[in-house]
Amino acid sequence: MLARIAALRRIGLICGPGSRREVWTGSRQSDTDNAKPLEDVKILDLTRVLAGPFATMNLGDLGAEVIKVERPGAGDDTRTWGPPFVGKESTYFLSVNRNKKSIAVNMKDPKGVKIIKELAAVCDVFVENYIPGKLSAMGLGYEDIDKIAPHIVYCSITGYGQTGPLSQRAGYDAVASAISGLMNITGPEDGDPVRPGVAMTDLATGLYAYGAIMAGLIQRYKTGKGLFIDCNLLSSQVACLTQVAANYLIGQKEAKRWGTAHGSIVPYQAFKTKDGYLVVGAGNNQQFATMCKILNLPELIDDCKYKTNHLRVQNRKELIKILSARFKEEITNEWLHLFEGSGVPYGPINNMKNVFAEPQEGDTSLFPSHTRDLLPVSCLCAPNIQQTHLRNAI
């Protein structure tokens, strides 16, 4: 085993202080101001597709050394999810696998299982997204890893949890989005349910897992012991229903689709302009009055039907009809100019071209140019968190 670990260290998969077996203390090993929070933390990443890779990518962004384990030959399924491609790799794969190293291991072979265990012994975190019981059958479940690496923070990401009637189903974003109720509340008010434009259930689960792993590292620092984290798509998405779930649980109020509108705030939605769409919200009476002045509709301010948000919700259809007619009279840029500095929340509905031309996005350093395997990859989204003294890098 020691010889194998030495070989892995020689090829750069295990190196530096993080290869020690003692519990990581969370102390900074570098004297430079640019040391990242998770420097010297090692993540063994057995996840595929989106939720798991998104979680481990975020850990890598904070300086962790992420070792991604893939199937020999095919690798992560998302490598082929294209076009578009950069070389032979899909942009889908590249978008959630930055800041990682990758090795191919056949875990159906006892030799492959042995390699995974040896890596786990010198890593701080173990992340997987297999159907419950599958890794245990290979000898790589939490109980197996805990025996050789009692310090490990083991995170299992599944579709529906470790137990229950759905636990043996594979987790897919669209299906979990449907079962969780998200799809039921997404789409036009009088139309069919709609899948969100990106895999929000997968992404939310990845963020929950990411946060739980960070908390797990702190817990281990306090106790010296590892732990098991159970994170699944269904529970993560139900947790994200927030006030919609509370409305039902407390008031037995069934949810509905509102399109771009809000069930409890009026106006707060997209309005069609002469050449596009503008989202405008009035979260309080002052903002509503300001909005009416900008629209040159001052008579609405003191109208008894619209004096409060409660009244505006009650008279939604009539008010939205008046506002919609006014917004159609000008182009989007004219409305942007008029709302600028007003204190009223507003913004255009951008296509991708306009998103990446948005001056604010350029100011937040989200789109650095970099290379991957000598192939230019211009403007993949960079880590979205900015920290003092730290520079985002890919």
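For the structure itself, look to the data block above.
For clarity, every value in this text was computed on a predicted model and none was experimentally measured.

A. Examining the pairing of strand 6 (residues 125-128) more closely. Here strand 6 shows no split at all, with V125 and V127 on one side and F126 and E128 on the other all buried. Looking at chain direction, strand 1 (residues 42-46) and strand 6 are connected through 4 bridges and run parallel. Bridged to I43 within strand 6 is V125. Sheet topology places strand 6 next to strand 7 (residues 153-158); 4 bridges connect them, and they run parallel. Its bridge partner being in strand 7, V125 is matched across the sheet by V153.

B. Inspection of helix 13 (residues 316-327) at higher detail. The terminal C-alpha atoms of helix 13 lie 16 Å apart, and with 12 residues this matches the ideal 16 Å at 1.5 Å per residue to within 8%. Among all positions of helix 13, only R316, L319, I320, L323, R326 and F327 are buried. Across the axial projection of helix 13, the buried residues extend over an arc of 125 degrees, all falling on one side. Away from its buried face by more than 90 degrees, helix 13 exposes K317 and K321.

C. A look at the environment of L135. Within the secondary structure, L135 sits in helix 5 (residues 134-138). It is 9.2 Å that separates the C-alpha atoms of L135 and M107, two residues lying 28 residues apart in sequence. Excluding residues that lie within four positions of it along the chain, L135 makes contacts with L46, M107, F126, E128, Y130, L140, G141 and Y154.

D. Focus on the sheet that holds strand 9 (residues 268-272). One open sheet holds the 3 strands; their spatial order is 9-10-11, and the pairing between them is antiparallel. Every other strand in the sheet has two partners, leaving strand 9 and strand 11 (346-348) as the edge strands with one partner each. Adjacent strand axes in the sheet meet at a mean angle of 20 degrees, parallel and antiparallel pairs treated alike. The sheet contacts of helix 14 (residues 332-339) involve strand 10 (277-281) and strand 11, and relative to strand 10 the element is tilted by about 25 degrees.

What counts, and at which threshold
- Residues numbered from 1 in each chain as written.
- Predicted model: local features only at pLDDT ≥ 70, side-chain atom pairs only at ≥ 80, totals over all residues.
- Heavy atoms only, no water.
- Buried < 20%, exposed > 50% of the residue type's maximum accessible area, 1.4 Å probe, protein only.
- Helix = DSSP H or I, 4+ residues; strand = E, 2+ residues; numbered from the N terminus.
- Pairing = 2+ DSSP bridges.
- Expected span 1.5 Å × (residues − 1).
- Arc of directions from axis to C-beta.
- Contact = heavy atoms within 4.5 Å.
- Axes fitted to C-alpha atoms, helices over the stretch in contact; angles between N-to-C directions.

The values reported here are purely geometric and, on their own, carry no functional implication.
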